[in-house]
Amino acid sequence: MGNLQYQQAGERDCANAAIDENYQNYLIDYLLDGGSFLENYPDLCLDPVGYNQAIAYMYQPGDFTGEREDIDYNKVPRVYGLMDSRELEAAGVTRVRLSPQLGLRGQGTLVGIIDTGVDLTSSFFRYEDGGTKIAAYWDQEDQEGKKPAGYSFGREWDREEIDRALEEEPRILPRDENGHGTFLAVVAAGREDEEAGFSGAAPDSELVVVKLKRPKQYLLDFYSIRDDVWACQEDDVMLAIRYVLDTATALQRPVSICLGIGTNLGGHGGNGSLERYISQISLLPGISVHIASGNEGISGHHFRRNVPQDQEFETVEFNVADGENGFIMELWGDAPVNFSVGLISPGGENVERIQLKRNEFRNIRFFPENTVLQIRSFAGETVGGEQVIRMNFRSPSAGLWRLQVYARGTGNRTFNLWMPITNFLREETFFVSPEASDTLTSPGDAFYGITYVPYEVNTESLYVRASQGYTRDGRVKPDLAAPGVNVHIPAPTAVRRPEQDGAQESGGSRREVSRSGSSVAAAFGAGIGALMQEWAIVKENDLSLNGQNMRFYLIQGAVRSGAYEYPNREWGYGIVNLYDAFLSMRR
């Protein structure tokens with residue numbers, strides 16, 4: 001891991017390809033398609049991620065439409081958004097901390113936060129002497145200063161640099177303008193604040209933080225992401241994970257990674273590039289990945305139906321909000337059935353069945369609405385062997401659309417349609433008759449990641465917006481429920497070293513910050529993961545503990561209400577309880 005970006009051949013300068021808007025990014029799998037792709041483009045810039053995957057940067061100024069035949073579905077990076085909108089006792093953390101036999105607080109472990117950054121001045125991330133508990137911080141946005149070794153962009157802050165800036169000039173430190181990453185870091189590993197009666201799940205764990213950069217403009221345009229919405233791109237997330245692992249290896253510590261991001265696009269079967277990467281690293285000792293399940297249960301952005309054998313097509317109605325700039329809708333179906341579509345616009349224009357050949361791309365304009373549909377069918381080219389039809393609506397007319405889905409052949413004639421996540425759409429864009437199940441977002445469908453759904457501790461009820469399982473291939477996800485509804489933390493306070501002039505103790509009542517969503521549940525999970533790694537790796541009780549084994553232990557200890565059958569689509573295997581997980585090991 002941590003290989004330098006290098007130029008395969010040719011004369012182009014690869015030094016800034018990762019951030020240069022003239023380069024377009026592609027995800028390559030050496031085993032599946034890397035050889036032929038690399039032969040066709042000898043002057044690519046390459047950045048190996050590990051586990052047979054690499055990021056290819058191709059010099060290609062201009063717009064991206066996805067029409068090139070050699071750019072199949074999995075090569076285009078997806079864009080992700082944020083999954084947010086008495087908890088320690090409920091999760092069994094307090095008993096584990098107070099137990100004489102366990103006494104776990106995360107000592108000797110790391111928690112990886114890959115998100116919007118964190119507020120480095122917050123008291124939750126500083127020791128009594130004012131020093132930071134951040135072991136390393138990679139700001140992908142900042143292109144000034146020292147780059148991380150083995151990476152071609154961003155700025156790295158090590159512990160000494162952060163401490164020096166905190167003491168001399170805090171304003172130069174990277175900021176978390178959104179606050180989402182700070183919140184997750186506090187929940188997972190914020191230091192104990194006795195005055196406020198608060199503690200993160202693993203208060204003695206240290207943090208490795210990556211502030212994800214905004215996607216390149218060609219991807220924002222391709223996915224029609226608004227300027228006021230936070231987003232990140234898939235290959236940057238993969239590099240961020242690699243950075244966290246590199247840091248953990250250098251420090252020789254186990255690491256529990258929190259991913260509070262997600263997307264609706266993809267096959268929902270764990271076969272995307274990021275999901276496969278997560279599954280592979282989760283089999284390594286000392287590594288676990290804790291993932292948000294999504295908040296898409298009532299969004300109306302998933303549709304599933306079967307086309308009966310004696311029926312030519314099934315009609316799908318969806319509404320488009322006024323002012324919707326554009327969006328991508330994907331249809332997924334299984335071979336050997338071949339799917340195709342037709343469309344009727346709100347103005348009544350009928351585009352009859354669009355029968356696309358393999359890899360064929362079409363650009364269809366609707367009059368008088370001025371809507372443009374860019375459509376392409378990828379048959380048997382995704383890792384899972386499915387068919388996907390990608391429909392990119394540009395400047396779609398507001399109102400009711402009718403999509404006619406045709407199925408040809410015998411076999412499973414069920415199809416699924418997904419729109420983007422709620423953050424990327426206006427409220428009135430939705431399917432008229434949506435399906436709440438199978439709304440788990442990616443990468444929550446990764447095989448060996450641990451995926452969390454949020455619930456309210458006091459009422460033991462699920463978050464009203466919670467996504468539901470399973471994966472499209474029928475695996476049980478989410479894995480576990482964790483606190484994630486109206487979770488309160490004291491507002492972070494900036495602290496100064498006691499010896500500094502003007503240092504004051506805070507007085508009066510502390511304002512609280514509250515968030516809900518599956519990203520918060522994933523942060524609890526990451527803190528719990530760090531506690532289990534302290535017991536297993538640091539205290540040498542199980543040096544082989546990896547993410548998949550941890551998932552098994554946590555499932556064994558999950559609390560299951562008698563009102564439900566388990567596992568199920570809503571709660572997975574039950575409510576996470578670390579203390580009961582340790583008890584289950586003795587049985």
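Quick summary incoming for the structure in this document. (Residues numbered from 1 in each chain as written. Predicted model: local features only at pLDDT ≥ 70, side-chain atom pairs only at ≥ 80, totals over all residues. Heavy atoms only, no water.)

This part is about unusual backbone geometry. That bond from Gly469 to Tyr470 is cis: its omega, 0°, falls within 30 degrees of zero. The peptide bond linking Lys477 to Pro478 adopts the cis configuration, its omega dihedral lying at 0°. Positionally, Pro478 belongs in the loop between β26 (461-462) and β27 (480-483). Although it is not a glycine, Asp438 adopts a positive phi angle of roughly 60°. Among the secondary structure elements, Asp438 is positioned in the loop between β24 (430-431) and β25 (450-456). Judged by its relative accessible area of 8%, Asp438 falls in the buried class. Phi angles above zero are rare outside glycine, and Asn486 is one such case at about 50°. Summarising the element assignment, Asn486 is placed in the loop between β27 and β28 (487-490). (Helix = DSSP H or I, 4+ residues; strand = E, 2+ residues; numbered from the N terminus. Buried < 20%, exposed > 50% of the residue type's maximum accessible area, 1.4 Å probe, protein only.)

With that settled, consider the packing of helix α5 (residues 180-189) against helix α9 (residues 518-538). Where α5 contacts α9, the two axes come as close as 7 Å, and the packing angle between them is 40°. Helix-helix and strand crossings are classified by hand; for α5 and α9 the assignment is right-handed. Side by side, α5 and α9 meet where His180, Phe183, Leu184, Val187 and Ala188 of the first sit next to Ser519, Val520, Ala523, Phe524, Ala526 and Gly527 of the second. The residue makeup of the contact of α5 with α9, split by class, is 8 nonpolar, 3 polar and no charged. (Axes fitted to C-alpha atoms, helices over the stretch in contact; angles between N-to-C directions. Left-handed = near helix turned anticlockwise from the far one by under 90°. Contact = heavy atoms within 4.5 Å. Nonpolar A, V, L, I, M, F, W, Y, C, P; charged D, E, K, R; others polar.)

For Ala521, the position within the fold is in helix α9. In the structure, Ala521 is positioned 40 residues away from Ala481 in sequence and 7.4 Å away in space, judged by C-alpha atoms. With sequence-adjacent residues up to four places away left out, Ala521 is seen in contact with Tyr452, Val453, Pro454, Ala482, Pro483 and Gly484.

Once their charged atoms are close, side chains differing in charge can pair, the charge on each being opposite to the other. As enumerated under the stated definition, the model contains 28 salt bridges in all. The shortest N-O distance in the salt bridge between Arg276 and Asp29 comes to 2.6 Å. For the pair Arg276 and Asp29, one class covers both residues: buried. Arg472 is paired through a salt bridge with Glu386; the nearest N and O atoms lie 3.0 Å apart. Of this pair, Arg472 sits in the loop between β26 and β27 while Glu386 sits in the loop between β20 (371-379) and β21 (387-394), and the two are 86 residues apart along the sequence. One continuous salt-bridge network, built from bridges that share partners, spans Arg304, Glu435, Asp438 and Arg569. (Salt bridge = Lys/Arg side-chain N within 4 Å of Asp/Glu carboxyl O.)

Before going further, it helps to examine the packing of helix α10 (residues 547-556) against helix α11 (residues 578-586). Where α10 meets α11, the closest approach of the two axes is 7 Å, and the angle between their N-to-C directions is 100°. Classified by the interaxial angle, the pair formed by α10 and α11 is roughly perpendicular. The residues of α11 that touch α10, namely those facing Tyr553, Leu554 and Gln556, are Leu578, Ala581, Ser584 and Met585. Considered class by class, the residues forming the contact of α10 with α11 number 5 nonpolar, 2 polar and no charged. (Parallel < 35°, antiparallel > 145°, perpendicular 65-115°, else oblique.)

Scanning the model with the defined rule gives 26 aromatic pairs in all. On the basis of an interplanar angle of 55° and a centroid distance of 5.9 Å, the ring pair of Tyr455 and Trp571 is categorised as tilted. Within this pair, whereas Tyr455 is found in strand β25, its partner Trp571 is found in the loop between α10 and α11, the two being separated by 116 residues in sequence. On the accessibility criterion, Tyr455 (3% relative accessible area) is buried. Each member of the aromatic cluster is reached from another via a ring pair, and the members are Phe303, Phe318, Phe327, Phe339, Phe366, Phe393, Trp401, Phe415 and Phe431. The cationic tip of Lys213 hangs over the ring face of Phe153; the distance from NZ or CZ to the ring centre is 5.8 Å. A cation over an aromatic ring shows up here: Arg475 above the ring of Phe447, its NZ or CZ 3.7 Å from the ring centre. (Phe/Tyr/Trp six-rings, centres within 6.5 Å; stacked < 30°, edge-to-face > 60°. Lys NZ or Arg CZ within 6 Å of the ring centre and 35° of its normal.)

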